[in-house]
Structure formats: structure tokens, C-alpha cells
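Residue strings, one per chain:
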Amino acid sequence: MKYIFLSVVFLLHAFVYAQRMVLPLNKGWKFSKIQSGTEHPLKVDLPHTWNVADVMDDEPGYYRGSASYKKTIPFNRVFVGKEIYLFFEGANQTAKIYVNDQLAGVHIGGYTAFNIRLTSFFNFKRQNEIRVEVSNGADRNVPPLSADFTFYGGLYRKVSLVALDDVHMSCDDHGSNAVFISTSTANEQESVVDIRTIVSNRKKTDKKIKLTTTIYDAAGRQVTSFSCAGLSKISGDTSFLQAITIDHPVLWTPEHPYLYKVVSTITDIITGKKVDEVTNPLGIRWFRFDADSGFFLNGKPIKLIGASRHQDREGMGNAVPEKLARKDVELLKQMGANFLRVAHYPQDPVVMKACDELGLLSSVEIPVVNEINESDSFYNNCLAMQTEMIRQNYNHPSVIIWCYMNEILLRPQFNNDNERQNIYFSNIRLLAKKLDSLTRKEDPLRYTMMANHGAYGKYADAGLIDIPMITGWNLYPGWYSANLDDLPAFLDRFHKDHPAKPVMITEYGADADPRIRSAAPVRFDKSVEYATVFHQYYFKQIMARSFVSAGVIWNLADFNSETRNETMPHINNKGLLQWNRVPKDPYYFYKAMLSSSPFVKVLGSKWSAGIADSGKTTGLQKVQVAANRSPVSLSVNGRSFPDAFPIDGICEWMVPFVNGTNVIEASVVKHGRFYVDSNLVDFRLQPFKFQDKKIFSDLNILAGSKRLFIDSAGNVWQPDQQYYSGGWGHVNGKPFKLTGSSLPYGTDKNIKGTPDDPVYQTQLVGLSAYKMDVPDGEYEVTLYFAELMGGKVQEVIYNLNGNNRMEKVENRCFDVMINEVPVLQRFNIAKEFGTATAVKKTFKIIVSNKHGITVGFKATEGETILNALRVKKISR
């Protein structure tokens, strides 16, 4: 690499577009999976993934293999005499690129961009066929090896053809645009902008060029322009170094993300022709992390609060259009956040562009997750990914941290061989040191970080805490471990042990299935209410500790993890947003805590169910409101309730709901202006005793459960209860609970044959009857069953206590009677239907003489079970 130091020559001439042509190639590809030599062509547009459907079905696993994308590029005389490249923003996970059946190049790694030079293979006299063979197949030399997210395959980001003059900004520098901008000195008086530009010369002679750099302010006004002459050497790259001073710069901050624009132009000195041009953002800021006081931007302390982001979306997989990718960043900003952890891999360039423009500080990382492979190929691929990530994102002012490992000791190898495992740990340490050294060399102005899971002792013993500049901890006390209070104890202990080490909480969160609600939330019930309590606690602890630089929520949105079972199989529900980006209650909690503008939001769903208070036609229900102003006024169905003051961002009232639609309105006032939010709740009220209600319609019960659930048909399911005279409930029996499970009740197995897994995931065991003292009439009774014991239990990578095991099938056989009439005899669910499979049995009965409905259960072998029950009146 040749370096030329240039003197600054100020130019007065206007900016002119140069001769770089970029042709989008996102339409009309022929796609086919490569399976056993048979191809099945399909016309597709980019972005595209082949895993949209199979990651959501009931069959374990998804297609991880190879596929082919083909496209014909018509003849165009403008290509003649040009350098031709294909630019890929992402192809997961490895790609081979062919031009006219000749291999032009290979790229390893699914999350960074890359260029492939086509010039030597391109036919400039006729059309050209491009074929891209992409594979997301398991490869022990390519990270990630395992993770709690899905490795979607495909050309899932944009592709373009780039035609260039022989002399151009290099397209061979790790997918970057070959211009690197930094601010070695930055303050309110002046900023020194350092620019390194790599120029390629594909001509057969040295070339005299002029490199011009023009800086514009946010309004498009020229701030300064300078140029300098140099010699671009034959058939190689030349690196030009420049330094420019800007007096009294406008600083970049989250509140005011001011961006300059840097335009770099190459001009042929002999002909005066502009031959290439690229544009980059410039945000002027300085920052530091302090082990005691946290993060400082432009000399001012800032608590970093934000979220991580996975890139997939419902119905799209990872092939998400740019507009929707940017929308994620907008939603995070609207919440009041100031930080985005781009995890666990580099993402669409539009995401980083949005962070720059909207004012979100960020960290970016490569997908070295859970474990490593001790091969030179694996190490080299990690180093290449880190280099690509840094160079491609170098100019984004939002980036303050480069990260290179996540929870790397979560799945340690050689657990039965201590000596061999110690060698493995030493190799992890060696790789971490290489990645950290590489990162500091590539970018000495930003920080390095590893994100560790909460096994403090393991990381200390492995010697990993001292390597990066910042230690990140992914902490889940109160979720994966039982006690919320372990969080402050962990943080305080770490800071005491490592008083000179900056620390961030890089992950925290709790599952929140938006279909599940609870009046008495508990850990692992998957209710939105528990997640809200969890976030309230964590936020308070983070804000109380100045040495905790950041709190990064896991995750911004729900995302696909094909190996997960849970209440919503294949989905990690820790998002503040649903998979389709509809906000959940915790999102609004954070908006109340972080927003500077007045904010009020009625929390809760638009549906609910409950039992009337004795002798009344209403039932008391909790209403929660998130707000950042006091006091908060509330009215329900036109009735006002006493004002309340938010505690940790939320107010609560107990109010009577009527059957049907309930209108909730909350308001706050600032400077005489009212800020109002409302919610309409469709409430299904069941009578305390059925004689209190002359007309009965239906009742949906989750046996052995304490949570509410709304199914895919819009039916609301209520928690179970013990029978009392005049009402409804079970007689005898106990909730199903797995021995040693974190779940308070039920299972998290994927129930085959239903989209409504929570209907079948809880269960009463050993019941003798289920009674409902309903009025006389004709009814449809539906019994729901699933055998929850037996079969292979799939290991999920996040489950610290999990392992693959075979469960013994319960030997059970029982009879079912409705009002003493046998409806199921010697019913053996496992034998007839298998385990974890939805079974539904529907019967019609007539109730007379005020006898109600009694569903009786009698075991002939093992214990009786019932998972759910639905009773619907079909006539009077």
C-alpha cells in the first residue's frame, strides 16, 4: 500500500457528478433450491429468503442448504471499457458468484457486504448471465455455529452492478467505499477531520489524479473544499491521507444529530474528467466511558438506554425492505431511547444510516456466539468479518463500540474433560485477544466490548474480562434465574471487583406473549404484565448506578428462533414490540420514563374476561396507565376515579367493568393543555353464579392455568378455578407441573396441530369432574386434550439447564362422561394421537331441570387429565 500525504488546495468550483454508474439488480431473479440435483425454478425479487415458511411449521428444523439465484444482464454499450463489480449488501451465509459459468468470487459470512470484480469474466459484446449459489448450511468454520436466532438463507439484501472508470475509489477494500473519516480532535471550538481514501488504478500506466474533498453542512451549504494532486500507481491501490480543520463545528448529539456531508471526487488531471465520486456522512462528536461515572458525549454525562435488534419480521424472515428496517429505528427513537445494540451481527446499511440521522448511539458486532471452532479457518473468518464490519461502518458517527463475542461460554465444549476444556478456553481467549487487537488497530478512537452471560466466575477464570475495553453483561435475574434482587448484587459485586472497568448491561428482558395476560403475574407465565414489572425493576436499578453506562433491552422486537417451543413456538417474545412491530406495554412504560414531552398511555389489551363480584353485574379489574406527568386522571365508562401519581412510571386503579365494551380514558395536564389517551376493552363478564345472569353465551377455561389467553379466532380463555355451588370449576385435581421446571405450571412444548398452543400447554391432572351450573338449554361442550409427557425434549440454546432428553410417556387411560352419559371410553391420548398433539372432542347436550353440566372423569390406568374446556350455548 502506497501512502501520499497531500497539501490542501482550496477549490472554488461547483460540485459535479462523476462517472460511477450503479444499476440495481433486485428484480426478476430465477431462484431454485439445490436438492439432490433437482432444481425447482421460481421467479423472485430481492430481498429474498427461502426460510419464511419452514421456520414456523411444526416440524423441527428448517432448510439449511444451498440455493441458486440466476439473472441475465442485457448487453449495454455503457459497460464497454468499464470496471464491473457486483455489490452485495448481504447473502447468508456463504456465496459463490459465477459469470457466464465461470467462478468470479466467493464470500464467507452472511451479515456484511461485499464486492465481486466481474471485469475479467464479463462479455462486453453480449448479455451476461449471473449465477449466485448461496448456502446457509451448517459449517463449523463459519460463525455463528449456534445461537438463539434463525440462520435464514438467501440473497436477503440488495444487489447492484457497479460500472467504474479504471481509476476509482477502491471496491476491493472489504466491502467498504474506501473512504475513512474520523475526528482525531473534536471540541466546540474546532474539529480536525482526518480522511483516508484508497484509490484503485486498473490502467496499465500510472495515473495523475486530483483528489477533491468537499464538506457540506446539513442545509447543503459548502463549508470547505480542497483538492490535491497525486500519482495513482499502476495496477494497485494508493492510500491518500488528508486532515481538515472545521472551526466552531455543530456537534452531533442524540437530541440534535447534526450531519455534515463529505463528497470525495477523483479527477483525471490530464483530461479534467471526473472519474469517480462517493459521499459519506460526518458527525462531529467526542466521547468516553468512565468506570465510575458512565458514558460521556461531548463532555456531558449520558445514561445509554436502548435495545438490541434482530432483523427479521413476520411473514418476511430476514428479507426486510429498507423502509421497514428504518421503521424499527424510528420506533426505538420515538420510545425515547438513545442507543441501539446492533445484535448479533451487522445489519442492513439503512439501519446505521437511520441511527446517524435520528440520533441513536450504537454498537455493532460480529456473530461469534455461544462457542468457537478451534480451526485456523474459523479464526481467519472471524478476523475477516470483524475487518469488514469496521471498515463498512467506520464513517457512522452513531457507532461508539465494536463488539466481537456474545455469551461465548454459554455452550462450552469438552465438559467431561477438564484438561481439554481448559485448552478450549485458552483458544477462546487467544481469539478474543486477536479480535481486540485487530479492532484497536483498525479504529483506535472507538471502544471494544464483549457481551457475556451472567456466569461471572467462568469469564473471570477464562481471563476474558480484562481483554475488551468495556465488559457487557447479559443479565436475567428474575427470568432465567429466580430472584430479581440478584441483579443489583451482581452489578455491585462486579464494580467492586473491577473498579477500573466500564460496564454495560447488554441484555435484559422477559418473555411477553401479547396473547397472554394475568391479574397475578409470576415469573415464566409469559404474561405481558410480568414483563412490565420486570422492566420497571431493571430500569430503576440501572438508573440508580452511575457506573452502569448502559441498559440495553433484549429485544426491540420479537424475533424468530426456530428451535424455541414456548407459548408461541419459534418466537422469542422478549421484544418491546411484537413480531409485526405492534408495541407492547413495556414499550409504553419506557416511553413514559424516557420521553421529554408529556405522555400518557392506557396499558392493557383490548380484550379481557373475569367474574362478576357477588350479587353484582360488574367485576373489579386492574387498570394501569403509563405517564410521565402527575397527577393522572382516569374515567371508565364516564365515571371518574381519584387522581393517581405514577410510581416507577405507572399508575394503577381497581375499577368495575361491565360486560361488553368498556371505555377507559386517562389524561395529564401541562401548562393548561390536556394530553389524553383512551382504550376500548371488550370484557367478557361471567356471573358469580349463573342464576345471576339469565342469558349465558359461552365459557372458555384453561385448565390448570392462572392466565388469560386470546386465541387465533378471538376467543378469550379464562384461568381455571375450583368449583363452588352455582358457579363453575374443577372438582379435585392439580395443575400439571414439570419437576425441576422454571415454569409455574404447564409446559412450553410445541403442541402440534394448533396455532393456539397455550390452550393445550396447561392441564389439570387427577380431576374427577368439571362442573358448570349453567341455565337450562342446549349446549356444545368441547374438551381439549394433549399428552404433555413423553417423547424427545428438544434442547434450546438459551436454556442454561436444558439438555436433550427422552421423557417417559405416561400410561393413562380414562373414561369421560357428560351428565353421566359416556362420551369417551378407555381414552388413551398418547396411543391414539401421540404426545404434544392437539386433540379436540366436541359434544352436544341438553341441560334441563337446573342440573347444569358435569363432565366426569374416571381413570382405568394412570391419572385423568383435561387441558381446556369450552361450553357454548346454542339454543335456549
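Not measured: the values here are computed from a predicted model. Position labels on residues start from 1 in each chain and follow its written sequence. Reporting of local features is limited, given that this is a predicted model, to residues whose pLDDT is at least 70; pairs of side-chain atoms are given and counted only at 80 or more, and all residues count toward the totals for whole chains, interfaces and linings. Hydrogens and water are ignored here; the side-chain numbers use all heavy atoms of the structure.

**Digging into a nonpolar patch on the surface**
Definition in use: Patches were defined on residues exceeding 30% relative accessible area and lacking a salt bridge, with like-charge contacts within 9 Å and nonpolar side-chain contacts (Val, Leu, Ile, Met, Phe, Trp, Tyr) within 5 Å. The method behind every accessible area is Shrake-Rupley, applied with a 1.4 Å probe, and residues are considered shielded solely by the protein chains displayed. For this analysis, a salt bridge means a side-chain nitrogen from Lys or Arg found within 4 Å of a carboxyl oxygen belonging to Asp or Glu. Elements are defined by DSSP. Helices are runs of H or I of four residues or more, strands are runs of E of two residues or more, and each kind is numbered from the N terminus.
Residues L103, V106 and I108 make up a contiguous nonpolar surface patch of roughly 240 Å² in combined accessible area. Within the secondary structure, L103 sits in strand β9 (residues 102–108).

**What about the pairing of strand β11 (residues 128–135)?**
To keep it simple, the criterion reads: Categorising residues by exposure relies on relative accessible area from a 1.4 Å probe, with only protein chains included: less than 20% of the type maximum marks a residue as buried, more than 50% marks it as exposed, and the intermediate range marks it as partly exposed. Pairing between two strands requires that DSSP report at least two bridges joining them.
Counting buried residues in β11 gives 6 out of 8 residues, a clear majority hidden from the surface. Pairing between strand β6 (residues 66–73) and β11: 8 bridges, direction antiparallel. Looking across to β11, one finds that K71 is bridged to I130. Across 6 bridges, strand β8 (residues 94–99) lies against β11 in antiparallel orientation. Residue V99 lies in a different strand from β11, and its bridge partner there is I130.

**Things to note about the confidence of the model for the protein**
As a reminder of what qualifies: pLDDT gives the predictor's per-residue confidence on a scale running from 0 to 100. We call two residues contacting when some pair of their heavy atoms lies within 4.5 Å.
Confidence along the protein averages 93 in pLDDT terms, with 95% of residues attaining 70 or more. Taken as a whole, residues 1–17 scores under 50 in pLDDT and shows 49 contacts with residues more than four places along the chain or in a different chain.

**Regarding the sheet that holds strand β42 (residues 673–686)**
Let me state the cut-off plainly: Every angle, taken between N-to-C directions, lies between 0 and 180 degrees, and every axis is a line fitted to C-alpha atoms, over only the stretch in contact when it is a helix.
In space, the 5 strands of this open sheet follow the order β36-β42-β41-β38-β39, with mixed pairing throughout. Edge positions in the open sheet fall to β36 (607–611) and β39 (639–644), since each of these has one partner strand only. For this sheet, the mean angle separating the axes of adjacent strands, direction not counted, is 30°. Sheet analysis places strand β38 (residues 632–636) next to β39, joined by 4 bridges and oriented antiparallel.

**Points about helix α3 (residues 376–393)**
Note the cut-off: An expected span of 1.5 Å times one less than the residue number is assigned to each helix.
With 18 residues, α3 extends 26 Å from end C-alpha to end C-alpha; this agrees with the ideal 26 Å at 1.5 Å per step. For α3, the complete set of buried residues consists of F378, Y379, N381, C382, M385, Q386, T387, E388, M389, I390, R391 and N393. The inward-facing, buried residues of α3 abut β9, β14 (179–186), α2 (349–358), β26 (361–365), β27 (399–406) and α4 (418–442).

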